[in-house]
Amino acid sequence: MTDETVVVVGQGYVGLPLAMRAVEVGYRVVGLDTDARRAARLGAASSYVEDVDSAVLSAALASGRYRPSVDYRDAAGFDYAVITVPTPLADGTPDLQHVERSVAALAPLVSTGATVILESTTYPGTTEEIVLPLLEAGSGLRAGHDFLLGYSPERIDPGNRQWSFANTPKVVSGIDAQSCEKVQRFYDTLVDKTIPVRGTREAEMTKLLENTFRHVNVALVNELAIAGHRLGVDVWEAIDAASTKPFGYLRFTPGPGVGGHCLPIDPSYLSWEVKRSLGTSFRFVELANDINNQMPHYVTDRLTQALNRRGKAVRGARVLLLGLAYKKNSSDCRESPAVRVAERLAWLGADISAVDPNVDPEQAPPFVSLVPLDAARVRAADIVVLLTDHDGVDYQLLDEAPLVFDTRHRLPAGRNVEVL
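Residues numbered from 1 in each chain as written. Predicted model: local features only at pLDDT ≥ 70, side-chain atom pairs only at ≥ 80, totals over all residues. Heavy atoms only, no water.

(A) Broad picture of the pattern of salt bridges. All chains considered together, the criterion is met by 23 salt bridges. Two residues, Arg276 and Glu273, come together in a salt bridge whose shortest N-O distance is 2.8 Å. Remark: Glu273 and Arg276 occur in helix α9 (residues 266-278); sequence separation between them is three residues, near one turn of the helix. Glu273 gets classed as buried once you look at its relative accessible area, which sits at 11%. Across the pair Glu418 and Arg302 runs a salt bridge, and its minimum N-O distance is 3.0 Å. Placement of Glu418 in strand β16 (residues 417-419) and of Arg302 in helix α10 (residues 283-308) is noted, with a sequence separation of 116 residues between them. By relative accessible area, Glu418 is classed as buried at 16%. With relative accessibility at 2%, the residue Arg302 sits in the buried group. (Salt bridge = Lys/Arg side-chain N within 4 Å of Asp/Glu carboxyl O. Helix = DSSP H or I, 4+ residues; strand = E, 2+ residues; numbered from the N terminus. Buried < 20%, exposed > 50% of the residue type's maximum accessible area, 1.4 Å probe, protein only.)

(B) Representation of the pairing of strand β9 (residues 170-174) within the structure. By the criterion of burial, β9 is predominantly enclosed, with five of the five residues buried. Neither face of β9 is open: one carries Lys170, Val172 and Gly174, the other Val171 and Ser173, and all of them are buried. In this sheet, strand β10 (residues 194-196) lies alongside β9 in parallel orientation, the contact comprising three bridges. By the bridge assignment, Val172 is partnered in β10 with Pro196. (Pairing = 2+ DSSP bridges.)

(C) Layout of empty space enclosed by the protein. Counting across every chain of the model gives one cavity of 30 Å³ or more. Considering only enclosed or pocket space, the largest cavity measures out at about 50 Å³ in volume. Considering only residue class, the lining of the largest cavity consists of two nonpolar, two polar and two charged. (1 Å grid on protein atoms, 1.4 Å probe; cavity = no way out; pocket = protein on both sides within 12 Å on 5 of 7 lines; lining within 4 Å. Points joined across faces, edges and corners; volume = space filled by probe spheres on them. Nonpolar A, V, L, I, M, F, W, Y, C, P; charged D, E, K, R; others polar.)

(D) Structural detail: the UniProt feature "domain: UDP-glucose/GDP-mannose dehydrogenase C-terminal" (unreviewed entry) in the protein. This chain's UniProt record puts "domain: UDP-glucose/GDP-mannose dehydrogenase C-terminal" (unreviewed entry) on residues 320-413. In this annotation, residues 320-413 is assigned 18% helix and 18% strand; the end-to-end C-alpha distance for the span is 19 Å. (UniProt positions renumbered as here; feature names shortened; annotations may be inferred.)

(E) Main features of the sheet that holds strand β12 (residues 351-355). Read across the sheet, six strands follow the order β13-β12-β11-β14-β15-β16 without closing on themselves; strand pairing throughout is parallel. The open sheet has two edge strands, β13 (369-370) and β16, and neither has a second partner.

(F) Local environment of the environment of Ser271. Counting through the fold element by element, Ser271 comes out in helix α9. On a C-alpha basis, the gap between Ser271 and Phe282 in space is 5.2 Å, while along the polypeptide they are eleven residues apart. When residues no more than four places from it in sequence are discounted, the contact partners of Ser271 are Phe282, Val285 and Glu286. (Contact = heavy atoms within 4.5 Å.)

(G) Local environment of α9. In this model, α9 (13 residues) spans 18 Å end to end at C-alpha, consistent with the 18 Å of a helix rising 1.5 Å per residue. Gly279 sits one or two positions beyond α9 and adopts a positive phi of about 75 degrees. (Expected span 1.5 Å × (residues − 1).)

(H) Spatial organisation of unusual backbone geometry. Of note, the phi angle at Ala45 is positive, near 60 degrees, even though the residue is not glycine. The topology assignment puts Ala45 in the loop between α2 (36-43) and α3 (54-62). Although it is not a glycine, His409 sits at a positive phi angle of roughly 55 degrees. Checked against the element boundaries, His409 lands in the loop between β15 (404-406) and β16.

(I) Just the domain arrangement of the protein, in detail. Partitioning the protein into structural domains gives domain 1 (5-198) and domain 2 (265-419). Look at where the C-alpha atoms of domain 1 and domain 2 centre, and you get two points 33 Å apart. The interface is formed by 21 residues belonging to domain 1 together with 15 residues belonging to domain 2. Contact with domain 2 buries surface across domain 1, with Glu50, Leu89 and Tyr123 losing the most and accounting together for 30% of the total. (Domains from an automatic or database assignment. Buried area = accessible area lost by both parts, 1.4 Å probe.)

(J) Examining the side chain of Asp382 more closely. Mapped onto the elements, Asp382 comes out in the loop between α12 (375-380) and β14 (383-386). Residue classification places Asp382 among the buried residues on the basis of a relative accessible area of 16%. Those residues in contact with Asp382 that lie beyond four places of it in its chain are Leu307, Lys312, Ala317, Arg318, Pro402 and Leu403.

(K) Spatial organisation of the packing of aromatic side chains. Under the counting rule described, the total for this entry stands at five aromatic pairs. Both rings, one in Tyr80 and one in Phe186, keep their centres 4.4 Å apart while their planes meet at 20 degrees; by these two values the pair is stacked. Taken together, the positions of Tyr80 in strand β4 (residues 80-83) and Phe186 in helix α6 (residues 177-188) put the pair 106 residues apart, joining distant regions of the chain. What makes Tyr80 buried here is its relative accessible area of 3%. An aromatic cluster is defined as three or more aromatic residues linked by ring pairs; in this entry it consists of Tyr27, Tyr80, Phe186 and Tyr187. Taking the ring centre of Tyr187 as reference, the NZ or CZ of Lys170 above it sits at 4.6 Å. (Phe/Tyr/Trp six-rings, centres within 6.5 Å; stacked < 30°, edge-to-face > 60°. Lys NZ or Arg CZ within 6 Å of the ring centre and 35° of its normal.)

As structure tokens, this is what we get:
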């Protein structure tokens with residue numbers, strides 16, 4: 001137990017697990033969010049983040065050490081402030097307005113000895129070039145002298161049952177040695193292992209490297225899937241075979257595209273910064289963007305061809321989509337390729353319904369009806385399109401479908417199943 005207070009700005013899929021862990025180890029925690037509805041749900045012990053059970057939230061509230069709020073005045077006197085707000089793109093340019101507003105609101109509350117940590121994904125230089133001057137201007141204090149400042153990239157993987165916030169190694173950094181030491185000491189109380197790096201720019205680059213690596217490799221196997229289909233090669237069997245190599249290979253699999261906050265956005269932060277600072281293109285990122293962004297169109301073309309072979313047009317076809325979230329076992333529809341497939345099918349005139357037990361109906365596109373999965377709906381569909389392979393779904397029901405297009409290779413190829 002500790003008398004220290006932690007303020008977590010942003011109570012989404014990154015901030016809420018962090019807040020719950022901080023409560024668990026004994027901190028007093030204020031969870032700030034600009035969305036009053038979110039704050040009200042948190043206060044009622046109703047979790048909207050799949051990695052945080054409502055029972056855990058209820059226990060945190062009952063402990064008296066967790067207070068959700070929309071009022072920055074509740075953060076007064078904090079020892080640590082962790083900023084976990086979104087950093088989207090606006091017309092291909094980093095949009096840091098949420099970070100800037102959060103920092104400006106926190107700045108008057110910074111006191112001598114306090115520590116501020118940015119976790120939001122961003123380009124190298126943000127902590128020193130944007131966060132530091134805003135904090136100094138709003139507080140009248142000096143970073144590295146009166147208060148400490150660092151960066152620690154979030155590594156939350158929603159729905160991952162093996163790697164949680166606590167057991168995932170945490171990269172930490174500071175604007176100087178004293179700040180880094182303080183940031184590391186804080187996260188050492190929350191996670192099993194911390195990895196300090198030289199400075200905040202290296203830590204900011206670490207996050208972009210991790211996601212760019214995945215983005216580029218997903219694009220590689222997506223392009224292989226397209227080429228393999230045209231060449232008559234079972235690329236999935238080739239991937240399985242290559243995965244038996246114990247060195248020099250990491251397994252990535254094709255799919256309908258990339259989604260969430262990370263892969264469609266984070267690599268573009270790196271590409272933008274390279275272009276801005278160096279005047280050159282980051283060609284790997286641009287090529288990966290081009291391939292992965294086209295996958296929903298490719299999926300739509302493939303299912304159109306599958307319907308055509310059965311004498312059925314897309315217009316008026318009954319299409320049942322299995323999964324709207326961007327990844328398995330997640331409720332997150334942000335930038336989801338499944339939603340982009342649904343949009344294109346709606347534009348083509350298909351009659352669309354979707355099954356996703358993880359997704360809040362309010363998050364579903366207005367032109368898609370969320371329905372339960374049952375044999376009658378499967379039989380009535382002209383085609384079932386498996387876009388997100390959640391666990392806990394009765395895939396045997398798909399045996400009743402006249403036609404299935406499986407973009408995740410969850411099902412064995414058969415008389416009624418075509419694989420991406």
